[in-house]
Amino acid sequence: MSTLSLFDNIPSGVEQEIADLRKQLQHHNYRYYALDDPQITDAEYDRMMQRLRELEAQYPDTVTPDSPTQRVGAAPLSAFQTVIHEMPMLSLDNAFDDEELLAFNQRILDRLKISGDIEYACELKLDGIAVSLLYRDGVLVRGATRGDGTNGEDITQNVRTINSIPLRLMGNGFPTVLEVRGEIYMPKAGFNALNEKARAANEKLFVNPRNAAAGALRQLDSKITASRPLEMCAYSIGWVEGGQLPDTHSGVLASLKTWGFLTNRETEVANNIQQAMKFYRRIGDKRDQLPYDIDGIVFKVNSRKLQEDLGFISRAPRWAIAYKFPAQEESTILLDVEFQVGRTGVITPVAKLKPIFVGGVTVSNATLHNNDQILKLGICYNDTVVVKRAGDVIPKVVAVLTHNGGDKVVYPKECPCCNNELKKEIKIKRLKTKSNVVENAAIYCSAGFECRDQLTQALAHFVSRDAMNIDGLGEKILVQLVDVGLVKSPADIYELKKEHLIGLDGFAEKSAQNCIDAINSTKKVSLSKFIYSLGIPEVGQETAKRLSDELGCIENIIGLKPELLTYVTDVGSEVSMQIYEFFSNSDNRKMVDDLLKVLDVQQSNVIGSKFKLAPTLANFIVKLSIPGVAAETAKAIAKKFSLNDLFFISSFELSSLKTAKGVKISTRAVLGVLEFFEDLENREYVESLENDLKLMGAHWDQVRIDEENREIGSLEGKVFVITGSFPEFKSRGELKSLIEAQGGKVSGSLSGATSYLVIGDGGGGKRNDAEKLGVPSITLEELKKLIDRI
Ligand code: 9MJ
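The following refers to the structure shown. (Residues numbered from 1 in each chain as written. Predicted model: local features only at pLDDT ≥ 70, side-chain atom pairs only at ≥ 80, totals over all residues. Heavy atoms only, no water.)

### Let's talk about the overall build of the protein
Helix and strand counts for the protein come out as 32 helices and 26 strands. Compactness check: the protein gives a C-alpha radius of gyration of 31 Å against a globular reference of 28 Å for 790 residues, within 12% of the reference. In terms of principal-axis extent, the alpha carbons of the protein reach across some 90 × 70 × 55 Å. For the protein, the residues scored as buried account for 48% of the 790 residues in total. Within the protein, contacts between residues at least 6 apart in sequence are counted, and of these 68% link residues at least 24 apart. A total of about 38,500 Å² of accessible surface is found on the protein, and carbon and sulfur atoms cover 49% of it. If you average the places of the 95 positive and of the 107 negative side-chain charges in the protein, the two averages end up 2 Å apart. (Helix = DSSP H or I, 4+ residues; strand = E, 2+ residues; numbered from the N terminus. Rg over C-alpha atoms; globule rule 2.2 N^0.38 Å. Buried < 20%, exposed > 50% of the residue type's maximum accessible area, 1.4 Å probe, protein only. Contact = heavy atoms within 4.5 Å. Areas by Shrake-Rupley, 256 points an atom, 1.4 Å probe, with all protein chains shown as cover. Lys, Arg positive; Asp, Glu negative; His and termini not counted. Charge placed at Lys NZ, Arg CZ, Asp CG, Glu CD.)

### Topic: the packing of helix H1 (residues 12–34) against helix H2 (residues 42–58)
Where H1 meets H2, the axes come as close as 10 Å, and the angle between the chain directions of the two elements is 145 degrees. Seen from above, H1 lies across H2 with left-handed handedness. Residues Val14, Glu17, Ile18, Leu21, Arg22, Gln24, Leu25, His28, Asn29 and Tyr32 of H1 form the contact with H2, whose own contacting residues are Asp42, Tyr45, Met48, Met49, Arg51, Leu52, Leu55 and Glu56. The class makeup of the residues in the contact of H1 with H2 is ten nonpolar, three polar and five charged. (Axes fitted to C-alpha atoms, helices over the stretch in contact; angles between N-to-C directions. Left-handed = near helix turned anticlockwise from the far one by under 90°. Nonpolar A, V, L, I, M, F, W, Y, C, P; charged D, E, K, R; others polar.)

### Quick notes on helix H5 (residues 188–200)
Residues separated by three or four positions in an α-helix point in the same direction, a consequence of the helix having 3.6 residues per turn. Across its 13 residues, H5 extends 18 Å between first and last C-alpha, which sits within 8% of the 18 Å expected from 1.5 Å per residue. The set of residues buried in H5 consists of Gly190, Phe191, Leu194, Asn195 and Ala198. Seen from one end, H5 has its buried residues packed into an arc of 130 degrees, which puts them on one side. Turned more than 90 degrees off the buried face of H5, the exposed positions are Ala189, Lys197 and Ala200. (Expected span 1.5 Å × (residues − 1). Arc of directions from axis to C-beta.)

### Thoughts on unusual backbone geometry
The phi dihedral of Asn469 falls on the positive side, at around 55 degrees, and the residue is not glycine. Tracing the backbone shows Asn469 in the loop between helix H12 (452–463) and helix H13 (475–483). Residue class for Asn469 comes out partly exposed when judged on its relative accessible area of 37%. In this structure, Glu538 is a non-glycine residue whose phi angle is positive, near 70 degrees.

### So, the packing of helix H27 (residues 667–678) against helix H28 (residues 680–695)
Contact geometry for H27 and H28: axes closest at 5 Å, N-to-C directions at 85 degrees. Classified by the angle between their axes, H27 and H28 sit roughly perpendicular to one another. Across the interface between the two elements, Phe676, Phe677 and Glu678 from H27 touch Leu680, Asn682, Arg683 and Val686 from H28. Looking at the contact of H27 with H28 residue by residue, the classes come out as four nonpolar, one polar and two charged. (Parallel < 35°, antiparallel > 145°, perpendicular 65-115°, else oblique.)

### Topic: the environment of Ile470
Its location among the elements puts Ile470 in the loop between H12 and H13. Between the C-alpha atom of Ile470 and that of Ile493, which follows or precedes it by 23 residues, the distance is 10.0 Å. Non-local contacts of Ile470, meaning those with residues more than four positions away in its chain, are made with Val463, Ile493, Tyr494, Ala518, Ile519 and Thr522.

### Examining the nonpolar core
In terms of nonpolar packing, the biggest core is built from 87 residues, with Leu473, Ile493, Phe530, Ile579, Phe583, Phe620 and Phe677 touching the most fellow members. Ignoring anything within four residues of it in the chain, the contact list for Phe620 reads Leu564, Tyr567, Leu643, Val686, Leu689, Glu690, Leu693 and Trp700. Counting residues in each nonpolar core, the second largest holds 36 residues, with Tyr185, Tyr280, Trp319 and Tyr323 among its members. (Core = buried A, V, L, I, M, F, W, Y, C linked by side-chain atoms within 4.5 Å.)

### Focus: the sheet that holds strand E26 (residues 777–778)
Sheet architecture is open: four strands sit in the order E24-E23-E25-E26, paired in parallel fashion. This sheet does not close on itself; its edge strands, each paired only once, are strand E24 (745–747) and E26. Sitting on the sheet, helix H30 (residues 732–741) is in contact with strand E23 (719–723) and E24, with an inclination near 160 degrees to E23. (Pairing = 2+ DSSP bridges.)

### So, the site of the ligand
Close to the ligand lie Leu90, Leu92, Glu123, Leu124, Lys125, Leu126, Glu183, Tyr235, Val298 and Lys300. One of the side-chain nitrogen or oxygen atoms of Glu123 is found 2.7 Å away from a nitrogen atom of the ligand. Within the side chain of Lys300, a nitrogen or oxygen atom sits 2.9 Å from a nitrogen atom of the ligand. Coverage of the ligand by the protein amounts to 90% of the 350 Å² it exposes when considered alone. Those elements that provide at least two residues to the shell around the ligand are strand E3 (120–126) and strand E10 (294–301). Sorting elements by how many residues they give to the shell around the ligand places E3 first, with four residues. (Near = heavy atom within 4 Å. Polar contact = N/O pair within 3.5 Å; in protein donor to acceptor, adjacent residues only side chain to side chain.)

### Describing the pairing of strand E15 (residues 347–358)
Where strand E14 (residues 329–341) lies against E15, seven bridges are found, and the strand directions are antiparallel. Looking at the pairing, Glu338 lines up with Val350 of E15. In sequence, E14 turns back onto E15 through a hairpin of five residues, with Gly345 there showing a positive phi of about 90 degrees. By the bridge criterion, six bridges tie E15 to strand E16 (residues 361–367) in an arrangement that is antiparallel.

### Some details on the pattern of salt bridges
Per the stated rule, a full pass over the model turns up 27 salt bridges. As a salt-bridge pair, Arg168 and Asp66 come within 2.5 Å of each other at their nearest N and O atoms. Remark: Asp66 occurs in the loop between H2 and strand E1 (82–84) and Arg168 occurs in the loop between helix H4 (156–159) and strand E7 (177–185); sequence separation between them is 102 residues. A single salt-bridge network, built from bridges that share partners, covers Glu17, Arg51 and Glu54. (Salt bridge = Lys/Arg side-chain N within 4 Å of Asp/Glu carboxyl O.)

### A word on the state of the cysteines
Scanning the model with the defined rule gives zero disulfides in all. Its sulfur unpaired, Cys417 is 3.8 Å from the next cysteine sulfur, which belongs to Cys451. (Disulfide = S-S within 2.5 Å.)

### Considering the packing of aromatic side chains
With the rule as written, the count across this model stands at 16 aromatic pairs. Both rings, one in Tyr32 and one in Tyr33, keep their centres 4.8 Å apart while their planes meet at 65 degrees; by these two values the pair is edge-to-face. On the basis of relative accessible area, Tyr32 is assigned to the partly exposed category, the value being 37%. On the basis of relative accessible area, Tyr33 is assigned to the partly exposed category, the value being 28%. When the centroid spacing of 3.7 Å and the interplanar angle of 10 degrees are considered together, the rings of Tyr280 and Tyr323 count as stacked. Placement of the pair is Tyr280 in helix H9 (residues 273–286) and Tyr323 in strand E13 (residues 320–324), with a sequence separation of 43 residues. For the pair formed by Tyr280 and Tyr323, the shared burial category is buried. A cation over a ring is seen here: Lys623 above Tyr567, with NZ or CZ 4.5 Å from the ring centre. (Phe/Tyr/Trp six-rings, centres within 6.5 Å; stacked < 30°, edge-to-face > 60°. Lys NZ or Arg CZ within 6 Å of the ring centre and 35° of its normal.)

Rendered as structure tokens:
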């Protein structure tokens, strides 16, 4: 009989297991969210969490509010309670230029009656919602908004759902009562994903990450908050009892980090105000590359003793200042809307604005994106609108503030260039094997090269520097060539003679000859440049290169079904559909054929090993988009059956399958597979996909044979640990799949069994650990070489 513990009827072994799981989960949560350096895979983390959930469900008495399982949200509230802050939450004074910043520094020197340098902690000013978190004996007992600085709202239930907020402090040495202050914000990626979902569901969009974060915190139902991608960065402390804190602000931040908080990694200490200014400029330069919005830099006198001496003035500390960046959003008046025809015929509404200084430049044009956006904004002429300009991105109208009596903006019915009737693009957004058709917002002119604007835009792209790079054919000349009927498609450029050009504005004998020479010199062209030049929607230089490297020749790209195109690196379902549709269009095919006649496109005719290795039966099944069948289920199916088996499989055979985690596959998946393969059209389509793979030498069975011949599968038996970020891949999961496709394994933690540590951006932290274990560290490029050595 096992011994009983503090709780009735709970074996002490279980109690210990629960305590261990919580501790481990807390540790790995911290590694993931605060340090961004996970030691285990998501799957391992999920398994531990699942185990803890099971135990807590079995023994509900053991559940505590600080258990990692309690981040999912609690019962909805009817209203938020008011919180009176023990210490007022202050705001910050602002500086808008160097002069104001220097004046701030001087005021400090004067007040302290000192001369010389003041040390400043330099922090990014996150654009989110200020919050206060109260910990008693290390346990989170209250979360509150700033409110008016004196009274805030109790949002404890909501803050508990945020993974980067410790429910229990880590380590030791923290005061008995500790109030931590910081900013809750929504990273840009999470914000974009959230708006993407809202767009798909036809819901109202959030204007910016700050509003989205504020909205998420205002929810009375914390389950909604839990579903929003929020983070919290700690940047100061408030009320403290029973404990000592470091003498410097930077020391406090370091302590907060050891106690489990996310602190901003860009924070630095400047020895004086000049260094602080340099920090401001450095961060300003990379502001748009940061994964979250900031609106300035906060400088805080680093010595806490000096902070105390300086004190406060009205509602702001004398020892801190926010040096703001130029606003990226401003309001102005919508004067007019111009509907422009793009290269692919899509009509883009361009807002003509009363000029406004925003994001560091004067803006008078901004995109209104598309008809959906116009409808969603309900925008009218003469409206007061919000314009956003972040970095070098095209300015856009993001919101309407007030209507001022103007007419509604409506899309034209006819092409503004050629008067052709406009169409709404009904795109099969999902692949052929996915049945539902969704409407895409784009409204377009289907006249193709018959439409002068489309033709000139397509030609301008074709001759541009990153494309065919033909010198001397500027837009004005292209327009003339189109207007006189000399050029009706890109291939016609190569038929031009000197005499044709001499008659045009801007050409003399010599310049005409130079232009013809420039044209002729571009006839020999790489496949990737050629693909890029075609102007396929969504296909930029990177994708063109991938298509070229991995498929070898244009013939292999034309007609390749969208599901199989997604085996090309970084080609997702959206892009694959664009490519497939482009080559399905007879006008486009003619353009390509004509070009191939006049150009010398350098092609290898070899399908790359990356493409050949990408298809596995499991990921092929996933691509079929069968309801209920995601990666784990597909793997379980692929392990037991061949593709052919699935054509005749019984529900009995399917329902006995278990995933690697030992979970039975869902009824939905079983029914999904049965229904899918009962459909004759689906079967024929799957067979044609499989045949295509065989013809390309990329079928999983062929790859297996090759592996036996030791030609492919170069990572067989090797164990990799991945650290840092890899911008080339959408996620680490993608890099993991690449390694696994080559027969390698990916582990979450370094050990003597690790073959290589793959280091990405900012991932140098593990290098020493690897060295100690005698594990070689390699870059992504080196990993690729390892793969290509086959
Ligand atoms: C933000 N928003 O990132 C402060 N803040 O300090 C930072 N805000 C602040 N510090 C005292 N980094 C009052 C507000």
